[in-house]
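Each chain is listed here by its residues.
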Amino acid sequence: MSRSRIVIVGAGFAGYQAARTLSRTLRGAVEIVLVNPNDYFLYMPLLPEVASGMLEPRRVSVSLAGTLPRVRLVLGEVDDIDFGQRRLRYVDPEGRSSQLDYDRLLLTVGSVNKLLPIPGVAEHAHGFRGMPEALYLRDHVNRQIALAAAADDEREAEARRTFVVVGAGYTGTEVAAHGKMFTDSLARQHNRNGSPGDEPSADRRRGGKDTGRSRWMLLDIAPRILPELDQRLSDTADKVLRKRGVDVRAGTSVKEATSEGVLLDDGEFVPTRSLIWCVGVRPDPLVQDLGLETQQGRLVVDEYLRVPGHPEVMACGDAAAVPDLTRPGEITPMTAQHAVRQGKTAGRNLAASFGHGASRPYKHHDLGFMVDLGGVQAAANPLRVPLSGPLANLVTRGYHLASMPGNRIRVLADWALDAVLPRQAAQLGLVRSWSVPLESSSPEVARVPAP
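The structure contained in this document is the topic of the report that follows. (Residues numbered from 1 in each chain as written. Predicted model: local features only at pLDDT ≥ 70, side-chain atom pairs only at ≥ 80, totals over all residues. Heavy atoms only, no water.)

**Some remarks on the pattern of salt bridges**
In this structure the tally under the stated criterion is 25 salt bridges. D414 is paired through a salt bridge with R59; the nearest N and O atoms lie 3.2 Å apart. With a gap of 355 residues between them, D414 in helix α12 (residues 408-420) and R59 in the loop between α2 (47-51) and β4 (61-63) connect regions that are remote in the sequence. Given the relative accessible area of 19%, R59 is considered buried. For the salt bridge of R86 with E312, the shortest nitrogen-to-oxygen distance reads 3.8 Å. Of this pair, R86 sits in the loop between β6 (77-82) and β7 (87-91) while E312 sits in strand β23 (residues 310-315), and the two are 226 residues apart along the sequence. The class of R86 is partly exposed, set by a relative accessible area of 31%. (Salt bridge = Lys/Arg side-chain N within 4 Å of Asp/Glu carboxyl O. Helix = DSSP H or I, 4+ residues; strand = E, 2+ residues; numbered from the N terminus. Buried < 20%, exposed > 50% of the residue type's maximum accessible area, 1.4 Å probe, protein only.)

**Side note on empty space enclosed by the protein**
One pass over the full model with this rule turns up 1 cavity of 30 Å³ or more. Computed from the structure, the largest cavity encloses a volume of approximately 60 Å³. Those elements giving two or more residues to the lining of the largest cavity turn out to be α2, α5 (131-150) and α7 (170-192). The biggest single contributor to the lining of the largest cavity is α7, with 4 residues. Among the residues making up the lining of the largest cavity, the classes are represented as 7 nonpolar, 3 polar and no charged. (1 Å grid on protein atoms, 1.4 Å probe; cavity = no way out; pocket = protein on both sides within 12 Å on 5 of 7 lines; lining within 4 Å. Points joined across faces, edges and corners; volume = space filled by probe spheres on them. Nonpolar A, V, L, I, M, F, W, Y, C, P; charged D, E, K, R; others polar.)

**Describing the sheet that holds strand β8 (residues 97-101)**
What the 3 strands build is an open sheet, ordered β6-β7-β8; its pairing is antiparallel. Looking along the sheet, the strands with just one partner apiece sit at the ends: β6 and β8. Looking at each pair of strands side by side, their axes are set apart by 25 degrees on average, direction ignored. Bridging between β6 and β7 involves 5 bridges; their strand directions are antiparallel. Bridge assignment links D82 to a residue of β7, and that residue is R87. (Pairing = 2+ DSSP bridges. Axes fitted to C-alpha atoms, helices over the stretch in contact; angles between N-to-C directions.)

**Details of a nonpolar patch on the surface**
Where nonpolar side chains cluster on the molecular surface, the patch consists of L367, L383 and V385 and spans about 280 Å² of accessible area. Counting through the fold element by element, V385 comes out in the loop between β26 (378-380) and β27 (387-388). (Patch = residues over 30% accessible without salt bridge, like charges linked within 9 Å, V, L, I, M, F, W, Y side chains within 5 Å. Areas by Shrake-Rupley, 256 points an atom, 1.4 Å probe, with all protein chains shown as cover.)

**What to know about the packing of aromatic side chains**
Each pair of aromatic rings is reported with the distance of its centres and the angle of its planes. In this structure the tally under the stated criterion is 5 aromatic pairs. A ring pair is formed by F13 and Y43, whose centres lie 5.7 Å apart and whose planes are at 65 degrees; its orientation type is edge-to-face. Linking F13 in helix α1 (residues 13-26) with Y43 in the loop between β3 (40-42) and α2, this pair joins segments that are 30 residues apart in sequence. Owing to a relative accessible area of 15%, F13 belongs among the buried residues under this scheme. According to the relative accessible area criterion, Y43 is buried, its value standing at 2%. Following the ring pairs from residue to residue traces out a cluster consisting of F13, Y16, F41 and Y43. Above the face of the F354 ring, R104 is positioned so that its terminal group lies 4.4 Å from the ring centre. Across the ring face of W415, the terminal group of R397 is positioned such that the distance to the ring centre comes to 4.3 Å. (Phe/Tyr/Trp six-rings, centres within 6.5 Å; stacked < 30°, edge-to-face > 60°. Lys NZ or Arg CZ within 6 Å of the ring centre and 35° of its normal.)

Dropping the structure here:
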């Protein structure tokens, strides 16, 4: 007799934790299959450090096969599910379509970049939801600083040294904070190889403008950055960014984007070649194609993470509208903290459906949030205790190391090297602009040319 099969779709925070919980609980009693486009779990909170040259890409990419024993990995993207037949269809990395039957199904397909109807944004902006986008941004920043250093036209050089980040939540704030340090380091390297008159220090001695420094702008329609945090921590982050030289514009957004720059809603036109879109996320488009009930674009589930009308199907993470039992009438926000804990609960409840343990509702109080501002700066409120500066940075990095399911020593090694060595100014050219479009339904997979 063949074993029953649990299929998990997606290996983000929720899917990974569910698979790990099931592997440890069932120990081979039930077949566990994980369907994901890549063979790694991406630790997204450290992705800004990849884009800014601090961490190497594989440091935040944890092997699924190497860390999930008794879980069979199937590489592919699910594009259709037949709930009546309990069967799903997926397309593998080589374009071949296959089917997979299931007895239990867990949907953790995650989220993609949130789009807004602003002219030119889809064509000229790039998001920050996957490794391909981070690698593209890393190369793009390197390239713009190098082209600026070689440009004869100062207006062109200034445009190339200007980077506009839209969205001052966790991701946007960290991208701007790390990005400013990265570009300043790159500019210093180029200036050392230029003529003495090109050095920023020489410009300052002459009393002129420091033309070698990069300009980073952080925009948000909210009245302050990091609106998710309390006012004190938001003010701390704002102060750090401004002191570093980031142009923070609260209550401001983009009205139009072009190949030459962005038009702000206050009428100012900012020449730039770099528009980084961090305004938020929306559930994976697969959710809307399933024909199931949704709330705010997310799959409706009960407090046990079950899909109504389909007792064999569960969902959690960004794709699911999970009731927030700590705030009756609301659903849990789309954060990694909730996804991790929902994944563990889903794993336990799936195991319980096979007689291993008992089901339990999902209930979790936020433990606080942390924002890495680069260098030794951070803002955090673990257990609602507000922290800033080096202590907050120590707590933030300690939390990330504890949360990562692998690669801890490698991450520590990269952090140590970054503290004593300059960032590497090297463009690999592996991810091109057209391969990471903002409207991609799969930001974790770079597009390839059609055959």
